[in-house]
Amino acid sequence: MECNIAEKLRVYFIAGSNNCLNHEIQEVLEEALKGGATLFQFREKGPGALQGEDKEVLARRLLALCHQYDVPFIVNDDVALMLKINADGLHVGQEDGDLEHIREKTKGKLLGISAHTLEEAKKAVALGADYLGVGPIFPTETKRDAREVMGGNVLEQLRANDLTIPLVAIGGITAENAHIAIRAGADGVSVITAISHADHPQQATRNLVEAVSHSK
Ligand SMILES: C=C1C=NC(C(F)(F)F)=NC1=N
Ligand SMILES: [Mg+2]
(Lines give C-alpha, C1' and ligand atoms only; values in the text may rest on other atoms or scores of the structure.)
(Ligands and ions follow the chains in the order given, each with its own letter.)
Protein backbone atom coordinates (compact mmCIF):
# COMPACT_ATOMS: atom_id res chain seq x y z
CA MET A 1 0.00 0.00 0.00
CA GLU A 2 2.16 2.83 -1.32
CA CYS A 3 -0.54 5.47 -1.16
CA ASN A 4 -1.17 8.02 1.55
CA ILE A 5 -3.42 6.20 4.02
CA ALA A 6 -5.11 9.36 5.30
CA GLU A 7 -6.20 10.13 1.71
CA LYS A 8 -7.59 6.61 1.34
CA LEU A 9 -9.76 7.11 4.42
CA ARG A 10 -11.71 10.08 2.97
CA VAL A 11 -14.95 8.21 2.14
CA TYR A 12 -14.70 4.66 3.44
CA PHE A 13 -17.74 2.57 2.47
CA ILE A 14 -18.42 -0.45 4.71
CA ALA A 15 -21.04 -3.07 3.90
CA GLY A 16 -22.14 -6.68 3.95
CA SER A 17 -24.92 -8.35 1.96
CA ASN A 18 -27.40 -7.82 4.82
CA ASN A 19 -26.87 -4.03 4.88
CA CYS A 20 -28.14 -3.58 1.33
CA LEU A 21 -31.92 -3.24 1.21
CA ASN A 22 -32.77 -1.63 -2.12
CA HIS A 23 -30.15 -3.21 -4.35
CA GLU A 24 -27.72 -6.13 -4.38
CA ILE A 25 -24.45 -5.35 -2.56
CA GLN A 26 -22.49 -5.66 -5.84
CA GLU A 27 -24.69 -2.96 -7.44
CA VAL A 28 -24.43 -0.72 -4.36
CA LEU A 29 -20.65 -1.12 -4.25
CA GLU A 30 -20.26 -0.29 -7.95
CA GLU A 31 -22.39 2.84 -7.48
CA ALA A 32 -20.31 3.84 -4.44
CA LEU A 33 -17.08 3.30 -6.41
CA LYS A 34 -18.43 5.41 -9.28
CA GLY A 35 -19.41 8.04 -6.72
CA GLY A 36 -15.84 8.32 -5.46
CA ALA A 37 -15.58 5.97 -2.47
CA THR A 38 -11.88 5.82 -1.57
CA LEU A 39 -11.84 2.54 0.43
CA PHE A 40 -14.19 -0.43 0.95
CA GLN A 41 -14.60 -2.78 3.90
CA PHE A 42 -16.40 -6.10 3.48
CA ARG A 43 -18.21 -6.54 6.81
CA GLU A 44 -20.33 -9.68 6.49
CA LYS A 45 -21.81 -10.13 9.97
CA GLY A 46 -25.06 -10.00 11.92
CA PRO A 47 -28.47 -11.46 11.06
CA GLY A 48 -28.55 -13.05 7.61
CA ALA A 49 -24.81 -12.75 7.02
CA LEU A 50 -23.25 -15.25 4.60
CA GLN A 51 -20.80 -17.84 5.90
CA GLY A 52 -18.04 -20.09 4.52
CA GLU A 53 -18.03 -20.72 0.77
CA ASP A 54 -20.83 -18.25 -0.02
CA LYS A 55 -19.04 -15.53 1.93
CA GLU A 56 -15.74 -16.24 0.14
CA VAL A 57 -17.34 -16.22 -3.32
CA LEU A 58 -18.96 -12.84 -2.63
CA ALA A 59 -15.73 -11.46 -1.16
CA ARG A 60 -13.76 -12.46 -4.27
CA ARG A 61 -16.36 -10.84 -6.53
CA LEU A 62 -16.36 -7.57 -4.56
CA LEU A 63 -12.56 -7.54 -4.34
CA ALA A 64 -12.32 -7.78 -8.13
CA LEU A 65 -14.80 -4.92 -8.48
CA CYS A 66 -12.84 -2.70 -6.09
CA HIS A 67 -9.63 -3.39 -7.99
CA GLN A 68 -11.31 -2.39 -11.27
CA TYR A 69 -11.62 1.06 -9.63
CA ASP A 70 -8.16 0.95 -7.96
CA VAL A 71 -9.81 0.99 -4.53
CA PRO A 72 -8.35 -1.22 -1.79
CA PHE A 73 -10.55 -4.01 -0.37
CA ILE A 74 -10.49 -4.47 3.41
CA VAL A 75 -11.93 -7.48 5.26
CA ASN A 76 -13.60 -7.01 8.65
CA ASP A 77 -12.56 -9.38 11.47
CA ASP A 78 -11.89 -12.49 9.33
CA VAL A 79 -8.07 -12.83 9.12
CA ALA A 80 -8.24 -16.23 7.39
CA LEU A 81 -10.46 -14.87 4.62
CA MET A 82 -8.26 -11.79 4.20
CA LEU A 83 -5.19 -14.00 3.69
CA LYS A 84 -7.01 -16.59 1.54
CA ILE A 85 -8.23 -14.06 -1.04
CA ASN A 86 -5.14 -11.82 -0.72
CA ALA A 87 -7.21 -8.79 0.25
CA ASP A 88 -5.52 -5.41 0.77
CA GLY A 89 -6.10 -5.27 4.50
CA LEU A 90 -7.97 -6.16 7.67
CA HIS A 91 -10.06 -4.22 10.17
CA VAL A 92 -10.46 -5.58 13.71
CA GLY A 93 -12.02 -4.43 16.94
CA GLN A 94 -10.15 -4.48 20.23
CA GLU A 95 -12.35 -7.37 21.36
CA ASP A 96 -11.76 -9.41 18.21
CA GLY A 97 -9.62 -12.14 19.69
CA ASP A 98 -5.88 -12.14 20.26
CA LEU A 99 -4.48 -8.95 18.76
CA GLU A 100 -0.98 -9.63 20.12
CA HIS A 101 0.17 -11.12 16.82
CA ILE A 102 -2.24 -9.37 14.48
CA ARG A 103 0.48 -7.19 12.99
CA GLU A 104 2.70 -10.09 11.99
CA LYS A 105 -0.33 -11.98 10.61
CA THR A 106 -1.12 -8.98 8.40
CA LYS A 107 2.44 -8.11 7.32
CA GLY A 108 2.43 -5.96 4.22
CA LYS A 109 -1.32 -5.35 4.47
CA LEU A 110 -3.33 -2.35 5.70
CA LEU A 111 -4.32 -2.91 9.34
CA GLY A 112 -7.16 -0.93 10.91
CA ILE A 113 -8.11 -1.20 14.58
CA SER A 114 -11.17 0.25 16.30
CA ALA A 115 -10.62 2.63 19.22
CA HIS A 116 -13.22 4.19 21.50
CA THR A 117 -10.93 5.87 24.06
CA LEU A 118 -7.46 7.45 24.23
CA GLU A 119 -6.23 4.33 26.03
CA GLU A 120 -7.58 2.02 23.31
CA ALA A 121 -6.05 4.28 20.66
CA LYS A 122 -2.62 4.11 22.28
CA LYS A 123 -2.91 0.32 22.52
CA ALA A 124 -3.84 0.11 18.82
CA VAL A 125 -0.90 2.31 17.83
CA ALA A 126 1.40 0.08 19.89
CA LEU A 127 0.01 -2.96 18.06
CA GLY A 128 1.10 -1.41 14.76
CA ALA A 129 -2.22 -0.23 13.34
CA ASP A 130 -2.03 1.80 10.12
CA TYR A 131 -5.29 3.64 10.94
CA LEU A 132 -7.86 3.79 13.73
CA GLY A 133 -11.63 3.62 13.43
CA VAL A 134 -13.03 6.01 16.04
CA GLY A 135 -16.68 6.09 17.05
CA PRO A 136 -19.60 5.93 17.29
CA ILE A 137 -19.56 9.67 16.56
CA PHE A 138 -23.37 9.78 16.30
CA PRO A 139 -26.12 7.27 17.20
CA THR A 140 -26.04 4.23 14.93
CA GLU A 141 -28.62 1.58 14.11
CA THR A 142 -26.10 -0.67 12.43
CA LYS A 143 -23.77 -1.87 15.16
CA ARG A 144 -25.95 -3.37 17.87
CA ASP A 145 -23.19 -3.48 20.49
CA ALA A 146 -21.88 0.01 19.78
CA ARG A 147 -20.30 1.89 22.70
CA GLU A 148 -21.68 5.24 23.90
CA VAL A 149 -21.97 8.04 21.37
CA MET A 150 -18.97 10.40 21.54
CA GLY A 151 -19.48 13.25 19.07
CA GLY A 152 -16.14 14.83 18.13
CA ASN A 153 -14.76 14.63 21.67
CA VAL A 154 -12.51 11.57 21.42
CA LEU A 155 -11.19 12.62 18.01
CA GLU A 156 -10.21 15.99 19.50
CA GLN A 157 -8.69 14.28 22.53
CA LEU A 158 -6.54 11.98 20.34
CA ARG A 159 -5.20 14.91 18.34
CA ALA A 160 -4.67 16.95 21.54
CA ASN A 161 -2.55 14.05 22.81
CA ASP A 162 -0.39 14.26 19.68
CA LEU A 163 -1.64 11.08 18.04
CA THR A 164 -0.83 11.61 14.35
CA ILE A 165 -2.01 8.20 13.09
CA PRO A 166 -4.68 8.38 10.34
CA LEU A 167 -8.16 8.42 11.88
CA VAL A 168 -11.50 7.54 10.28
CA ALA A 169 -14.75 8.44 12.04
CA ILE A 170 -17.62 5.95 12.19
CA GLY A 171 -21.14 5.83 13.53
CA GLY A 172 -24.28 7.51 12.13
CA ILE A 173 -22.33 9.68 9.69
CA THR A 174 -24.12 11.43 6.82
CA ALA A 175 -23.20 14.13 4.31
CA GLU A 176 -24.93 16.60 6.66
CA ASN A 177 -22.87 15.82 9.79
CA ALA A 178 -19.57 14.64 8.28
CA HIS A 179 -17.99 18.08 8.76
CA ILE A 180 -18.21 17.64 12.56
CA ALA A 181 -15.98 14.56 12.41
CA ILE A 182 -13.49 16.15 10.01
CA ARG A 183 -13.20 19.38 12.02
CA ALA A 184 -12.68 17.29 15.17
CA GLY A 185 -9.61 15.69 13.58
CA ALA A 186 -10.69 12.73 11.43
CA ASP A 187 -8.97 12.27 8.07
CA GLY A 188 -12.14 10.74 6.65
CA VAL A 189 -15.50 9.19 7.38
CA SER A 190 -16.78 5.64 7.12
CA VAL A 191 -20.39 4.86 6.44
CA ILE A 192 -22.70 1.88 6.06
CA THR A 193 -26.32 3.09 6.05
CA ALA A 194 -25.81 6.48 4.39
CA ILE A 195 -24.81 4.65 1.22
CA SER A 196 -26.26 1.12 1.55
CA HIS A 197 -29.80 2.34 2.29
CA ALA A 198 -29.71 5.21 -0.21
CA ASP A 199 -32.14 5.22 -3.16
CA HIS A 200 -29.23 6.53 -5.24
CA PRO A 201 -25.97 5.23 -3.72
CA GLN A 202 -23.76 6.98 -6.31
CA GLN A 203 -25.21 10.41 -5.49
CA ALA A 204 -25.10 9.66 -1.76
CA THR A 205 -21.39 8.87 -2.13
CA ARG A 206 -20.76 12.04 -4.16
CA ASN A 207 -22.46 14.06 -1.43
CA LEU A 208 -20.13 12.52 1.16
CA VAL A 209 -17.05 13.21 -0.99
CA GLU A 210 -18.18 16.83 -1.33
CA ALA A 211 -18.91 17.17 2.39
CA VAL A 212 -15.50 15.81 3.39
CA SER A 213 -13.55 17.89 0.88
CA HIS A 214 -15.38 21.08 1.91
CA SER A 215 -14.62 20.39 5.58
CA LYS A 216 -10.85 20.20 5.16
C1 LIG B 1 -16.33 -1.42 14.05
C2 LIG B 1 -15.62 -0.71 13.13
C3 LIG B 1 -15.00 0.53 13.47
N4 LIG B 1 -14.31 1.23 12.53
C5 LIG B 1 -14.21 0.75 11.28
C6 LIG B 1 -13.44 1.58 10.28
F7 LIG B 1 -14.21 2.60 9.89
F8 LIG B 1 -13.10 0.84 9.23
F9 LIG B 1 -12.33 2.08 10.85
N10 LIG B 1 -14.76 -0.40 10.88
C11 LIG B 1 -15.47 -1.17 11.74
N12 LIG B 1 -16.00 -2.26 11.36
MG1 LIG C 1 -15.12 -6.47 14.90
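As named in an unreviewed UniProt entry, the chain is Thiamine-phosphate synthase, taken from Fictibacillus macauensis ZFHKF-1. Word for word, the UniProt comment on the chain under Pathway (unreviewed entry) is "Cofactor biosynthesis; thiamine diphosphate biosynthesis; thiamine phosphate from 4-amino-2-methyl-5-diphosphomethylpyrimidine and 4-methyl-5-(2-phosphoethyl)-thiazole: step 1/1."

Side-chain pairs of opposite charge can arise whenever the charged atoms involved come near each other. Taken as a whole and assessed by the stated rule, the structure comprises 10 salt bridges. Here R60 makes a salt bridge to E56, at a shortest N to O gap of 2.9 Å. One end of the pair, R60, and the other, E56, are both in helix 3 (residues 52-68), four residues apart, so they sit about a helical turn from each other. Note on R60: relative accessible area 40%, which makes it partly exposed. Here E56 falls in the buried class, since its relative accessible area comes to 12%. Close ionic contact of E56 with K84 constitutes a salt bridge, the shortest N to O distance being 2.8 Å. Here E56 is found in helix 3, whereas its partner K84 is found in helix 4 (residues 79-84), with 28 residues between them in sequence. With relative accessibility at 54%, the residue K84 sits in the exposed group. Three or more residues joined by partner-sharing salt bridges are found here, namely E56, R60 and K84.

Definitions and cut-offs
- Residues numbered from 1 in each chain as written.
- Chains lettered and ligands numbered in written order.
- Predicted model: local features only at pLDDT ≥ 70, side-chain atom pairs only at ≥ 80, totals over all residues.
- Heavy atoms only, no water.
- UniProt positions renumbered as here; feature names shortened; annotations may be inferred.
- Salt bridge = Lys/Arg side-chain N within 4 Å of Asp/Glu carboxyl O.
- Helix = DSSP H or I, 4+ residues; strand = E, 2+ residues; numbered from the N terminus.
- Buried < 20%, exposed > 50% of the residue type's maximum accessible area, 1.4 Å probe, protein only.

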